[in-house]
Amino acid sequence: MSILAIDTATQVSSVAIAQAGRLQAEITLQARLTHSETLMPHIQQVLDMADTKAADLEGIAISIGPGSFTGLRIGLATAKAMCYALDKPLVTVSTLAALACHLPLPGICLLPLIDAQKGNAYYARYHWENGGLVAEDEVSVGAMADIVAGCAAEKRPVILLGDVTQRRIAGCMELPDNVTIAPAHELMPRAACVAMLGLRELAQGHTANVMDAAPIYIRRSEAEVLWEKRHPESVSTQEAHAVLVPTEGKS
Amino acid sequence: MSRKIPEEWLTLGLESSCDETSAAVLRGGREVLSNVISTQIPVHQKFGGVVPEIASRHHIVNIMPVIDEALRQAEVRLKDIDQVAVTYGPGLVGALLVGVAAAKGLAFSLGVPLIGVNHLEGHIFANFLSDKELEPPFMALVVSGGHTALVHVKDYDRFTLLGQTRDDAAGEAFDKIARVMGLPYPGGPRIDALAREGNPLAIDFPRALDEKGNYEFSFSGLKSAVLNYINSEKMKGHELAKADIAASFQHSVIEVLVTKAVEAAKAAGCGRLVLAGGVAANSGLEARLREAAQAAGLRFSYPSRLLCTDNAAMIACRGYYQALSGEYSDFYLNAVPGLGLSSRVPDDHEPEEG
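What you see is a predicted model; the values in this text were computed from it and never measured.

Caption draft 1: Region of the structure containing the domain arrangement of chain A. All names here are of chain A. Split into domains, chain A comes out as domain 1 (3-96 + 189-203) and domain 2 (100-187). Using only C-alpha atoms to locate each centre, domain 1 and domain 2 end up separated by 23 Å. With both sides pooled, the region where domain 1 packs onto domain 2 buries about 1300 Å², and carbon together with sulfur makes up 62% of that total. Per-residue buried area on domain 1 facing domain 2 is highest for Pro66, Leu96 and Cys193; these three make up 42% of the total on that side. Counting the contacts that link domain 1 with domain 2 gives zero salt bridges. Taken together, the connections running from domain 1 to domain 2 amount to two residue pairs in polar contact (both at pLDDT 80 or more). Elements that contribute at least two residues to the side of domain 1 that touches domain 2 include exactly helix H3 (95-100) and helix H7 (191-203). Classifying every residue of the side of domain 1 that touches domain 2 by side-chain character gives seven nonpolar, six polar and two charged.

Caption draft 2: Just the pattern of salt bridges, in detail. Under the defined criterion, the tally for this structure stands at 27 salt bridges over all chains. Note that B:Lys236 is salt-bridged to B:Glu233, the shortest N-O span being 3.9 Å. Since its relative accessible area comes to 11%, B:Glu233 is described here as buried. Several salt bridges share partner residues, and in doing so they unite A:Arg125, A:Glu136, A:Asp137, A:Glu154 and A:Arg156 into one network.

Caption draft 3: Spatial organisation of the sheet that holds strand E6 (residues 138-143) of chain B. All names here are of chain B. Strand order across the open sheet formed by five strands is E8-E7-E6-E9-E10, with mixed pairing between neighbours. Edge positions in the sheet fall to strand E8 (158-164) and strand E10 (299-301), since each of these pairs with one other strand and no more. Averaged over all neighbouring strand pairs, the angle between strand axes comes to 20°, with direction disregarded. In the sheet, E6 pairs with strand E9 (residues 272-276) via four bridges, with the strands oriented parallel. Paired with Leu141 across the bridge in E9 is Leu275. Sitting on the sheet, helix H8 (residues 242-267) is in contact with E6, strand E7 (148-155), E8 and E9, with an inclination near 160° to E6.

Caption draft 4: Layout of the packing of helix H2 (residues 52-74) of chain B against helix H3 (residues 93-110) of chain B. Residues and elements named next belong to chain B. Axis separation between H2 and H3 bottoms out at 9 Å; the angle between their running directions is 35°. Crossing geometry of H2 relative to H3 is assigned as right-handed. On H3, the residues touching Ser56, His59, Ile60, Ile63 and Ile67 of H2 are Gly94, Ala95, Val98, Gly99, Ala102 and Leu106. Split into classes, the residues belonging to the contact of H2 with H3 amount to seven nonpolar, four polar and no charged.

Calculation rules
Residues numbered from 1 in each chain as written. Chains lettered and ligands numbered in written order. Predicted model: local features only at pLDDT ≥ 70, side-chain atom pairs only at ≥ 80, totals over all residues. Heavy atoms only, no water. Domains from an automatic or database assignment. Buried area = accessible area lost by both parts, 1.4 Å probe. Salt bridge = Lys/Arg side-chain N within 4 Å of Asp/Glu carboxyl O. Polar contact = N/O pair within 3.5 Å; in protein donor to acceptor, adjacent residues only side chain to side chain. Helix = DSSP H or I, 4+ residues; strand = E, 2+ residues; numbered from the N terminus. Nonpolar A, V, L, I, M, F, W, Y, C, P; charged D, E, K, R; others polar. Buried < 20%, exposed > 50% of the residue type's maximum accessible area, 1.4 Å probe, protein only. Pairing = 2+ DSSP bridges. Axes fitted to C-alpha atoms, helices over the stretch in contact; angles between N-to-C directions. Contact = heavy atoms within 4.5 Å. Left-handed = near helix turned anticlockwise from the far one by under 90°.

Rendered as structure tokens:
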């Protein structure tokens, strides 16, 4: 039984079909095409390549964030609609954890970074222990320059991952002696890693709710932050929700 | 597998272009089995307008429950759906993308056709749902938040765009003026309500492009005139006669819309005039247009209030007629936030003159 995995969290578009212990097919593009146009055709193609019918999938794994808000929503809306129509379970995988899956090296701090705009990145530290991936802290957001400089305090080698390191860190800032950037083909998000972590989640029965699953944004919208700054007195008031418009009945 | 006859087709429509998440099921082209609309008006109210990122965040959470509810209310199973129609523009790009991605996921998984629908054409087609007997040809006056246009609907797949706004849409002027007068979002219905208590002839605001035979619209001059008037009244320390301002502004907008719409219908030899778009819910516009159409011997109709809001039933209706002419989309369909109305002539027709 195979799983379909999707990662549209960054500029990289990646889809994969995998079974436990076996990657069957993967399409990964870093070509600045829009996810909206290419995702569904890629899913169709990767299923064909793996000679797998959508109806025969065991489930769908989605890279849930953090990442580009719009990219995450395109991936998740597609995954949710497919799970709903095919009656398959949905599993969510941290985009950062999937990146840390690339390099299962013991004794090393893996530091995946995802673009958070304006020189900032979402990040968390990971390491491998007894064949398992361990997250060391909660996902944070900070200035890329500070994150990189802060690595000097680590008493172990640090490897940076994430396609943003290629664009914003490599050659742009000085790296502390204990820091290296993963090779180009290893630093971008790949759905194969999402699939491997997703299979594990699925085996453990950790499925997401297809009805209301939401991306992990970490950050709130700028409009909300600004509004709360201007209205400090109403910060704790209840959040407003969408409401159903009363219908006129059947026609 | 042979396809059912078109009258039996079940079309699932999706709409997420702005602040409403909607899903609907249609049997054939006209029978609405369900039309579920989840509105985010309470969410955006405190910001005084729709915040795109917040709208997208609500769409991604609401889309599946809304689809599920639409199927439940229609009492049909997802696997019986014959095609999926979705709004791909115009609208907010992040909001549109949620609906487009979900529609693709559904259409692919079900193995049914995908149909990308122009939201503005959807508004015109809402009239087919309100009036089951309505058939082309007719003249359509489209008035929505972002668009104002006159469209000669010659057939289900044949339109001629006679003119549209050169600058601001009527709806934008309504929203901006409401904001300046301190009315809460959404401003259009507030101005409409206020206008009923005011004198429409109290202030003489300008009407642009009102020469005969010109079917283009311009509301930026009017908007500036109203804003200038409000500013100068404030400078003079006068209490704002809000009801009179609303009534006079609305009167000026309505006169331009009504005059051009009736003239266009007569010039094109149409016996019918329909109103379409979000601003069609404006009671002043509807009443005046009805009166003018009657005086000119034109039949007039407009969608019910529910079908004037952004809803998926009108998208499913437009999608149904596109499917009848074989106008499907492939899975490369993208959101087109700036999509406009344009004339459309099917492949097997010669382009018309003029």
